[in-house]
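Coordinate analysis (summary)
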Amino acid sequence: MNPYDDIDNFLEIRGCAALCETLRARDILEVFSKDEIESVLPDRTPFLLLKKAVHFRDQDENDCLVAMAMIDEDRCGGHIPEQLMAPAIVFSWGLALTGRLLSACVTEREKVVAEFVEAYSVRSLLSLADLHYAKPPIQVLFFARKIGQGPRTVTCDTHAWIVGLDSFVPAVSISKMQYAIIPKRVFLRALRGSEKKGEQK
């Protein structure tokens, strides 16, 4: 079985030649159920959108991660009340989590928090003709590819597709998302320090 079939079967999506060309998967390194995602990330429901994920290496030896999520009406409430749609901010949220999971996977996993720092550009890819695909509930495929890594940073390019009945519809892309890799104990100590300062005011 080729890696595309493995990814397709695990995430329970239908194959798409164009998507396979984009992923360019070569070797699957690890698969994650939601519980396994939670073993790596500090995030939990309702913030944690991702349901399943696959960490793989592409044909250029880049670490990549593809994840599946469901965006329902509750996550879109108040955005175009006349006809709910999934806004770009929700897609961006899912992409940030996907990059965060990949960044943790290529560093020290649950021992660190991969905290978003900056991005080069955010693009909405939905055309007017495709807006109807954004009506919830929708399945979304989130993808991140590592494009750089420093001593305490990881940088990813990311892309989101809506899973349609007969196609994968480009939704949002964020390029050069950079994450600071912070030891979890240091991150939590900083948060708790903020709480103590708040109590003193």
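Quick summary incoming for the structure in this document. (Residues numbered from 1 in each chain as written. Predicted model: local features only at pLDDT ≥ 70, side-chain atom pairs only at ≥ 80, totals over all residues. Heavy atoms only, no water.)

All right, on to helix α4 (residues 88-105) then. End to end, α4 covers 26 Å across 18 residues, agreeing with the expected 26 Å (1.5 Å per residue, within 8%). Most of α4 sits out of view: 14 of its 18 residues are buried. (Helix = DSSP H or I, 4+ residues; strand = E, 2+ residues; numbered from the N terminus. Expected span 1.5 Å × (residues − 1). Buried < 20%, exposed > 50% of the residue type's maximum accessible area, 1.4 Å probe, protein only.)

Position of D63 among the secondary structure elements: in strand β3 (residues 63-71). One polar contact links D63 to H55, side chain to side chain, over a distance of 2.7 Å. Every residue in contact with D63, bar those within four places of it in the chain, is listed here: L29, H55, F56, R57, L102, V106, A144, R145 and K146. (Polar contact = N/O pair within 3.5 Å; in protein donor to acceptor, adjacent residues only side chain to side chain. Contact = heavy atoms within 4.5 Å.)

We now examine the pairing of strand β7 (residues 153-163). When you tally the buried positions in β7, you get eight out of eleven residues, the bulk of the element. Once strand β6 (residues 138-149) ends, the chain turns through three residues before running back antiparallel as β7. Taken together, the ten bridges between β7 and strand β8 (residues 168-183) define a ladder with antiparallel strand orientation. Its bridge partner being in β8, A160 is matched across the sheet by V172. (Pairing = 2+ DSSP bridges.)

Charged atoms that come close allow side chains of opposite charge to pair. In total, this model carries eleven salt bridges according to the counting rule given. Of the charged contacts in the structure, one is a salt bridge between D27 and R26, with a shortest N-O distance of 2.7 Å. The exposure class of D27 is partly exposed, given its relative accessible area of 32%. As a salt-bridge pair, D63 and R57 come within 3.6 Å of each other at their nearest N and O atoms. (Salt bridge = Lys/Arg side-chain N within 4 Å of Asp/Glu carboxyl O.)

This next bit is on the packing of aromatic side chains. In total, this model carries four aromatic pairs according to the counting rule given. Every member of this aromatic cluster is reached through a ring pair, and the members are F56, F143 and W161. We note K52 situated over the ring of F10; from NZ or CZ to the ring centre the distance is 5.3 Å. It is K176 that lies over the ring of Y120; its NZ or CZ is 4.8 Å from the centre. (Phe/Tyr/Trp six-rings, centres within 6.5 Å; stacked < 30°, edge-to-face > 60°. Lys NZ or Arg CZ within 6 Å of the ring centre and 35° of its normal.)

Ranked by internal contacts, the top residues of the largest apolar core, which has 43 residues, are F91 and L101. The set of elements that each furnish at least two residues to this core consists of α3 (34-40), β2 (50-58), β3, α4, β4 (112-118), β6, β7 and β8. With eight residues, the top contributor of residues to this core is α4. Here L101 is in contact with I37, V40, L41, L50, A53 and L65, once residues within four sequence places are set aside. If you look at the next biggest cluster of nonpolar residues, it comprises 16 residues, including L19, L141, W161 and V163. (Core = buried A, V, L, I, M, F, W, Y, C linked by side-chain atoms within 4.5 Å.)

Where helix α1 (residues 3-11) is concerned, the buried positions are P3, I7, D8 and L11. Around the axis of α1, the buried residues are gathered within 135 degrees of arc, so they sit on the same side. Buried residues belonging to α1 abut β1 (25-32), β2, β3 and β6. Once α1 finishes, E12 follows within two positions and takes phi at roughly 60 degrees, a positive value. (Arc of directions from axis to C-beta.)

A separate point is unusual backbone geometry. With an omega dihedral of 10 degrees, the bond running from T45 to P46 counts as a cis peptide bond. Of note, the amide linkage connecting P136 to P137 takes the cis form, showing an omega dihedral of 5 degrees. With respect to the helices, strands and loops of the structure, P137 is situated in the loop between β5 (121-124) and β6. A positive phi angle, near 70 degrees, is found at E61, a position not held by glycine. Position of E61 relative to the elements: it lies in the loop between β2 and β3. With phi around 55 degrees, I80 is a residue other than glycine that occupies positive phi space. Tracing the chain through its elements places I80 in the loop between β3 and α4.

Nothing here speaks to function; it is geometry throughout.
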